[in-house]
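A look at the structure
Chain residues, written in single-letter form:
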Amino acid sequence: MLLELKNMFKWVTVGGNRIFLLKDINLQVQEGEFISIMGPSGSGKSTLLNVIGMLDGFDEGEYNFLHESVHKLKEKQRAQLYKQYIGFVFQQYHLIDELTVYENIETPLLYQDVKSSERKAMVADMLDRFNIVGKKDLFPSQLSGGQQQLVGIARALIAKPKLILADEPTGNLNSRQGEEIMELFTQLNKEGVTIIQVTHSEKNAAYAGRTIHLLDGRIEKHINN
Amino acid sequence: MLKTYFKITLRNLWRNKLYSFINIAGLAMGIAAFILILQYVSFEKSVNGFHENIATTYRLLNEDPKGQTWPQVEPGWAQKAKDRFPEIQAYCRFEEGVGQGIVRRNAENAEPFRETNVGYAEGNFFEFFSFNVLEGSAAAFKKPNVVFLSTATAKKYFGKAEPVGQSLTLYNQFGKANYTVSGVYDIPVNSDIRYDMVFSLETLSNPANLNDNDWAQLDNLSSQYIHTYFRINETADYKKLEQKLTTLRNELKKDKDGLVFRLQPFANVHLPASFSDTYQTSGNLKYVYILSIIAILILAIAWFNYINLSTANALKRANEVGVRKVVGASRGSLVLQFLGESMLVNLISFGLALLIVRLLQPLFNTIIEKELTFTSLLSTPAWVAGLVLLIIGSLLSGAYTAYSLSGFNPVETLKGKLVKTTKAVVLRKSLVVFQFSISIGLLLATAFIYRQLNYMQNKNLGVNTDQLLVIRGPQVDKDSTYKMRRTAFINAIAQQSFVKDYSLSGSVPGNGYNFATSGFSQPGSRKGDELKSFSFALIDDRYLNTYQIGLAAGRTFTQAETMVDWNDNDKVLMNEKAIEELGFKSPEEALNTKVQWDERKLQVIGVVKNYHHIGLQKAIDPIIFYPQSNSAYFTVRLQTDRIQDNVAQLETMFKSYFRNNPFEYFFANDNFNKQYISEQQYSKLFTTASVWAIIIACLGLFGLATYTVEARTKEIGVRKVLGANVLTIARLLSKDFLQLVFIAFVIAVPVVWYAMYRWLENFAYKVQLSWWVFAAAGIVAIGIALLTISFQAIKAAIANPVKSLRTQ
Ligand SMILES: Nc1ncnc2c1ncn2[C@@H]1O[C@H](COP(=O)(O)OP(=O)(O)O)[C@@H](O)[C@H]1O
Ligand SMILES: [Mg+2]
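Residues numbered from 1 in each chain as written. Chains lettered and ligands numbered in written order. Predicted model: local features only at pLDDT ≥ 70, side-chain atom pairs only at ≥ 80, totals over all residues. Heavy atoms only, no water.

1. Points about the environment of Tyr 547 of chain B
All names here are of chain B. Turning to its location among the elements, Tyr 547 is positioned in helix H14 (residues 543-547). Look at Tyr 547 and you get buried, because its relative accessible area is 0%. As for Tyr 547 and Trp 759, which are separated by 212 residues in sequence, their C-alpha atoms are 31 Å apart. Excluding anything up to four places from it in sequence, Tyr 547 contacts Val 463, Asn 464, Leu 468, Val 470, Val 508, Pro 509, Thr 635 and Arg 637. (Helix = DSSP H or I, 4+ residues; strand = E, 2+ residues; numbered from the N terminus. Buried < 20%, exposed > 50% of the residue type's maximum accessible area, 1.4 Å probe, protein only. Contact = heavy atoms within 4.5 Å.)

2. Some words on the domain arrangement of chain B
Residue and element names in this part refer to chain B. Domain assignment breaks chain B into domain 1 (1-47 + 283-419), domain 2 (54-268), domain 3 (426-460 + 674-808) and domain 4 (468-673). The straight-line distance from the C-alpha centre of domain 3 to that of domain 4 is 51 Å. In this complex, domain 3 contributes 15 residues to the contact, which on the side of domain 4 involves 13 residues. On the domain 3 side of the interface with domain 4, the three residues burying the most area are Lys 674, Gln 675 and Tyr 765, jointly 53% of the side's total. At the boundary of domain 3 and domain 4, one finds 0 salt bridges. The interface formed by domain 3 and domain 4 holds 15 residue pairs in polar contact (both at pLDDT 80 or more) in total. Residue assignment for the side of domain 3 that touches domain 4 shows that the elements contributing at least two residues are helix H12 (422-458) and helix H20 (677-711). Class assignment of the residues belonging to the side of domain 3 that touches domain 4 gives a composition of 7 nonpolar, 5 polar and 3 charged. (Domains from an automatic or database assignment. Buried area = accessible area lost by both parts, 1.4 Å probe. Salt bridge = Lys/Arg side-chain N within 4 Å of Asp/Glu carboxyl O. Polar contact = N/O pair within 3.5 Å; in protein donor to acceptor, adjacent residues only side chain to side chain. Nonpolar A, V, L, I, M, F, W, Y, C, P; charged D, E, K, R; others polar.)

3. With respect to the site of ligand 1
Around ligand 1, a shell composed of Val 12, Leu 21, Pro 40, Ser 41, Gly 42, Ser 43, Gly 44, Lys 45, Ser 46 and Thr 47 of chain A together with Lys 415 of chain B is seen. This site is not confined to one chain, since residues near ligand 1 come from chains A and B. Between Ser 43 of chain A and ligand 1, the recorded distance is 3.2 Å, taken from a backbone N or O atom to an oxygen atom. With respect to ligand 1, the backbone of Lys 45 of chain A contributes an N or O atom lying 2.9 Å from an oxygen atom. Protein chains bury 63% of the 560 Å² of accessible surface belonging to ligand 1 in isolation. No other element matches helix H1 (residues 45-52) of chain A, which puts 3 residues into the shell around ligand 1. Grouping the constituent residues of the shell around ligand 1 by class yields 3 nonpolar, 6 polar and 2 charged. (Near = heavy atom within 4 Å. Areas by Shrake-Rupley, 256 points an atom, 1.4 Å probe, with all protein chains shown as cover.)

And the structure:
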C-alpha cells in the first residue's frame, strides 16, 4: 500500500464556528493505481490533494504514507518525504517565469543535491521523452498552454516520484491537448507511477481505474471504471 | 545551484527594469555618498600619521584660565625645558606667519612673489619630522641663511634649473636677507605642517638679522609666536612633564599672566581624541562626525528602499516561492537564494557607486575643500570599517527580505491569495517615515543654514563695502624715499576720475584689528574696568568717509593729526560699544573727555557709530581708533563699472612708485564674506546631502507607488466602472503616502529645531527659527512626494478600466 487516510477531518475556525473542509475521509491507495477525484466546485478536491501531498495539514485522523505516519512527522521530515516521492501538476502549470524550460525541469533535482552531470542526463532524457528538446531554451511565456503543461509534468516526473498529484491538469487546455495529457498519464501509470488527478471531465476521469466523488468535504461514492 | 540563482537573479532584474533601476540607482547613490564621505573621514584621520615618531611627540600649548588654548608659545622655553628635564630628548620650533613677506630670486629683474605660506624652522626640522628631503641633506638646514623649498615652489622660482645652490632674497619685517637654497622637500597632502618654503630659524639667532624686532629673540620668554614640539622618552609620563613645565614657567616668568602649559599628543593635533578634548586642533571633529552620520543615514535610506521594494515585490515573487517549495525547496535554500540576490544587487550598485564617485569627486572636493582621491580612502584602516558596514548593511537588508519572502505558505500563494501580513505593512510604513524624516530634517537644516548665511552676508554692517578695492601696502624698499613715494602715489590716486574716495589704514573690515589691549579707564570707571580689552584700529583722516561709517558725535581726525608720532598723539575715536564699556551714558557725555590708557591720557574727539569690523559670529567689539598714516592697506572706492581697467591702471601706478613689490588687491566685500567660509561649507554640504537624500527617498517612494498602483489595478477598475473620477482615484492612491510624509515632517521638526537652536548659539547675530520656514519646508517636502506619487496615481486613474479588469 502506498498511502492510507483514516477518519481524517480538516476544518477552519471562522468567527468561533468550525467550517469543515474535509469530513471523515477514509482512503487507501495501492502502488500503481490511477485515481480520479471529481466533485462540484468548493467540494474540497484541492484541499484533499494538498493534504495527500503534505503541503497542507489536517486536524484529526491518521495519514500513513509508505511506512511513515505523516501526522507524527516533523515539518522537515515531511518535506523530505514529499520531495522524494511526490510530484505535483497544477491547472495553472506554475512554471517559474524567469527560468527556461530546461531549468524549470531541472529545479527539483537542485533541491535534492543531484550531481550536475547526472542532472544533465536526467533532464535530457525527460526532454527527449516529451519531444521538447527544441524548446529547452524557451521561457514559459513563449510556449502554448499544452506545452507548458508538458513541461509541468516533466518537472513533476524528473525526480522519479512514486506518486503524481494533478489538480485539474487539463482545466486550462483544449480537448485535444487534454487527451494528450491523459494518454501520457495512462502511459506513466503503466510504467508503475501512481496517479491521483482532480478533474471536472467525465471523459478524462474515465482514464483512471476508479473515481472518488466528493461533496461538501465528504467522500460521496467510489466508482470503479 | 549558485549559477542558476545568479541567472535567475539577473533575469529577474532585467524583467523588472523599473524596480531594478530604482533599487540599484538608490543603492549606488547611497554607497557613492558613503564612499566619498569615508574618503574624507579617512583622510582626516590620516593627517600627520606618517610621522614615524608621532607617538612620542607632543605639541606645547598655552592655556588661559578660561581653558582657551593656543600653540604659539614663547621661543625661550624649549631649550630651558630640555636643559631641565632629561625625559625631553629633542625639540623642534617653527613659526607660521611671522616670516611672511616678498621673495624673489637674487638676480636682476627677477619677479617678486608674496609668500604667505612660509616660515622659519629649527635646524633639525627635517630630522625631527618625517618629511622627505629629495635634494640636499636634512643636516644642511642647521646653518643660518639657508632655505629649503617644496618641489612646487622650486619649480615656481627656478623652472627646470637646479635649485640647490641658488640664492633667494626675502623681504619681510626682519628686513632684507639672502638665503641659499640647500634642499628640496616633499610634504604629503595629509600633513598639517606644510610650507611652500622654510627658512632656517638659526638665521634669527643673529641679532643683526632681527632688524630691531627684539620680540623675536630666540631665547625670549615674553612674546608668543613660535610652535614648539617635544620628543620625549617612551617611558615618560607626559602629564607629569606638563606640570613640571608649568612650574618652570611660573618660576621664570616675571609677569604673572595666569597661563599654564599643556602638552598635546601630536596624534591629536589634527583631530581631538574626543569631544571632551578641547585643545586647539587644525581639523574639525564635529564636521567629521556630522559627515559620518549623514553618510550612514543616506545609506540607510537606500537600504530601506531595497527592503521596501523587495517586500512589496513579494506579490510577484510569491508564486515562484510557492512552486519552489512544492518541488522541494527548503526555507534555508530560499533564504540563501534571496540573500544571494541582494548581495548581487548590492555588488552591482557598488560598481556603479565607484563610477559615481569618480564622476562626483571634483564636485565633492569643492564642497569639502580638500584634494581627496580614491587613494585617500586607503590611507587609514577606516575603509575596512566602511566595507564591514557595507557588507553588514546589505546582509541585513537582504536577510530581512529573504526571511519574509521565504516564509510564504505554498498552498496560499499558489491559490494566488497573498496574505498581506500587517507586520510587513507596518514595517514598510515605518521605513518610509524614517526615510522622509531624514530627508526633511536635512532639508530644514539646509534652509536655516542658508538663511543664517544669507542674513550674515546681507545684514547692514554699518559700513559700505561695495566697490571698495583694497591694495596691500608695499613691504620692499621702505627706505628714506618711501614716505615721499607714498605721498606721490596717494596724490596720483586722488587725481583719477574713477576714484571716489581713498584711505590709508592699518586694518580693514574683515581682516581683524591691529591689536587688542587692556588698561583703559576714565574718571567714572569702576574697579576692574581697566581689565576690559579694547581692539585697536589704526586709521587715517579719510577712513570713516571712505568706508561710509557714521559718527554718533564729534568729528574724525584731521590730516595733521594722523601725522603725529605714535607716542605724542593724545586724540582718539571710540565706537559706541567702547564708550559704553567705559561707563559713559551717551556719546555726548564721552565727547572731549580724557580716558586713561595706563599712564597716558587720550582725548575722545569723536564717537563712531557701531559697525561690524569682523564677521557676525561675534558681537561688535569695543574699538579704539588711533590716528596713523599707516600704509598696510590702501583702500579705494571705485566709481565706475569698468573695474578691470581701473585695476590695471592702479597696478601701473603702484608699480611705478613701489618697484619690486607685488601688486596685491582684494575687494572689501569679498574679503569680509571670507569670514563665512565655514558656514558656506556647511550650507553647500547640507544642500548636497539633502538633495541626495531626497532623490533616493523619492526613488523609493516612486517604486512603492508603482507597486501599490499595480496591486490595486482591479480595485481602481471597479471603482471607475462604478463612476469614480480621476481626481478621487488619484487622491485615494496618494493619501496613504502623504500621511506618512506628514508624520515624517512632524518627527523631523523638533529634532531640527533643537539642532539648529544649538548651532545658532555660535552666532551673536542670527535668524529666528521661524515657524514659517518649517511650514515652507514641509510644504516643499509634501509637494515633492506628491509629485512623485501622482505620476503613477494619475496614470492608473486615467487608465481604461475595461482593460485592467480583463487582465485580472
Ligand atoms: N484556508 C481556508 N479557510 C477557509 N475556507 C477554505 C480554506 N481553504 C479552502 N476553503 C474552502 O473550502 C472549500 C473547498 O475548497 P477547495 O478544496 O479548493 O475546493 P475545490 O478544489 O473542490 O473547488 C471551499 O469552499 C473553500 O472556500
Ligand atoms: Mg480546486
